[in-house]
Amino acid sequence: MSRQTFDFVVGLVELHLRRKATNWRQPLEPRIRLAIALWWFASTCKYRCVSSMFGVGISTVCIVVQEVSAVLKMALRRFVSMPSGARLQETIDGFAERGYPMCAGAIDGTHIPIIAPRNDPNSYYNRKGRHSVVLQAVVDHNCCFTDLYVGWPGRTHDARILANSPIFIKAEQDGYLFPREASRTVGDVEIPVHIIGDPAYPLRKWLMKGFTNHHALDQQQRKFNYRLSSPRMVVENAFGRFKGRWRCLSKRLDVATASVSDVVLACCVLHNICELNKEKFLLEWNIEQVIRPAPDHNVAPPGVSWGMVAEESGRTLQQVHGSGVGCCALVQELGFLQSCPA
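The shown structure was predicted, so the numbers you read here are calculated from the model rather than taken from an experiment.

*Asks:* Before we go on, may I ask you to explain the overall build of the protein chain in this structure?
*Replies:* Of the regular secondary structure elements, the protein chain holds 13 helices and seven strands. The long-range fraction of contacts in the protein chain, counting pairs at least 24 apart against all pairs at least 6 apart in sequence, stands at 62%. For the protein chain, the computed accessible surface area is about 16,800 Å², with 50% contributed by carbon and sulfur atoms.

Take a look at the structure:
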């Protein structure tokens, strides 16, 4: 995250994060509160590590993360919305360049690891052997989220999550997710603007998926599946960039189950802000599992794992953070850190 984007986010949350000074203490400035939350979002550090870095209490880090998440969630409608008007046509053209016409989004789900909840933990135990909640997202051609639905237990099937989501209810009212005026007619067949998904989702007028039973497909059907798979990969790329930047989502979230949705949605807002501002993304960040680098590695994977590298190698943060890309390097450059893991 660049300094310009950081300043933009500060302006977005400053009014809600500012606290009054009292005779007992001076409150943390909104910029520092945001920096603490960004470091926690973008790294795999625990609360204790972050509190040591910024010179605040562990409970303060917990509270700040919750407050910043809640404030960023308030900006959800501003940065996450289905395309319409000129933006809808731009999205359709973007998917057409990928070889698939009349498409305005790709839908899929991803698992967010969580602490096993006390109530009905088995429902959250997914096929990957972890407790999680599911984030269902629709993504445009620029890897930006346009619709989000999060909170269902990890054991739930994608089709069931979709059937209970607002986007499904809206589309099933008249069979159209986007304005009917944008539809095209080929012969006697009306082709509405629609989204695309994998075979786990139901086939609808507004939701297209590929042919199943791959061993029995003819050449034309295989060609259609090929044309569909290329634009659908945009949602996989978006999830990779999403978890690559905000590494707290790649490990078990150390927050209460009721607060998981706020943290995830806050990271989604930050993801869209970064994508809209064309923030740099390194390919080595795009990994599914958190990998702790060996002491002799010179490059840290996710923009904010430099403190972890310093802890293992015995070097200072300044010696290992390299070129300075990523949220944590920015936070250090702004001078918010009080100490670093030795």
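Next comes the rest of the write-up.
*Asks:* I would appreciate a short explanation of the nonpolar core in the present structure.
*Replies:* Here is a general trend for soluble globular proteins: nonpolar side chains tend to be buried in one another's company. In terms of nonpolar packing, the biggest core is built from 69 residues, with W40, F41, F145, W246, L253 and V264 touching the most fellow members. It is helix α10 (residues 257-276) that contributes the most residues to this core, eleven residues altogether. If sequence neighbours within four positions are ignored, F145 has contacts with F79, V80, S81, A137, V138, V139, A238, F239, F242, C268, H271 and N272. Formed by 18 residues, the second largest nonpolar core is a distinct cluster that contains M82, L177, I195 and Y201.

*Asks:* Help me understand helix α1 (residues 3-17), please; the structure alone is not making it clear to me.
*Replies:* For an α-helix, 3.6 residues make a turn, and residues three or four places apart therefore share a direction. Roughly 35° is the biggest bend found in α1, and it falls at G11. Here α1 has its buried residues at T5, F6, V9, V10, L12, V13 and L17.

*Asks:* Hey, could you run me through the pattern of salt bridges in this one?
*Replies:* Pairing is possible between side chains that carry opposite charge, provided their charged atoms lie close to one another. Scanning the model with the defined rule gives twelve salt bridges in all. A salt bridge links R180 to E190, with the nearest nitrogen and oxygen atoms 3.1 Å apart. One end of the pair, R180, is in the loop between α8 (166-174) and β4 (184-186); the other, E190, is in strand β5 (residues 189-191), and ten residues separate them in sequence. Here E275 ties to R241 by a salt bridge, and the two come within 2.8 Å at their closest N and O atoms. Here E275, found in helix α10, pairs with R241, found in helix α9 (residues 219-245); they are 34 residues apart in sequence, far enough to count as distant. Residue class for E275 comes out buried when judged on its relative accessible area of 10%. We classify R241 as partly exposed; its relative accessible area is 22%.

*Asks:* I keep staring at the pairing of strand β3 (residues 145-153) and nothing clicks. Help me out?
*Replies:* Walk down a regular strand and you will see the side chains alternate between the two sheet faces. For β3, a buried count of eight out of nine residues is recorded, marking the element as mostly surrounded by other parts of the structure. Pairing between strand β2 (residues 132-139) and β3: seven bridges, direction antiparallel. Bridge assignment links V133 to a residue of β3, and that residue is P153. Between β2 and the antiparallel strand that follows it, β3, lie five residues; C143 among them carries a positive phi value of about 65°.

*Asks:* Help me out: how do you make sense of the pairing of strand β1 (residues 103-113) in this one?
*Replies:* Of all eleven residues that make up β1, ten are buried, and the element is covered over most of its length. Summarising the sheet, β1 and strand β6 (residues 194-196) pair through two bridges and their orientation is parallel. Residue pairing across strands places A106 opposite I196, the latter belonging to β6. With eight bridges connecting them, β1 and β2 associate as antiparallel partners. What sits directly across from T110, in β2, is L135.

Thresholds, definitions, all that
Residues numbered from 1 in each chain as written. Predicted model: local features only at pLDDT ≥ 70, side-chain atom pairs only at ≥ 80, totals over all residues. Heavy atoms only, no water. Helix = DSSP H or I, 4+ residues; strand = E, 2+ residues; numbered from the N terminus. Contact = heavy atoms within 4.5 Å. Areas by Shrake-Rupley, 256 points an atom, 1.4 Å probe, with all protein chains shown as cover. Core = buried A, V, L, I, M, F, W, Y, C linked by side-chain atoms within 4.5 Å. Buried < 20%, exposed > 50% of the residue type's maximum accessible area, 1.4 Å probe, protein only. Bend = angle between axes of the 7 residues up to and from the residue. Salt bridge = Lys/Arg side-chain N within 4 Å of Asp/Glu carboxyl O. Pairing = 2+ DSSP bridges.

Taken by themselves, the reported measurements are silent on function.
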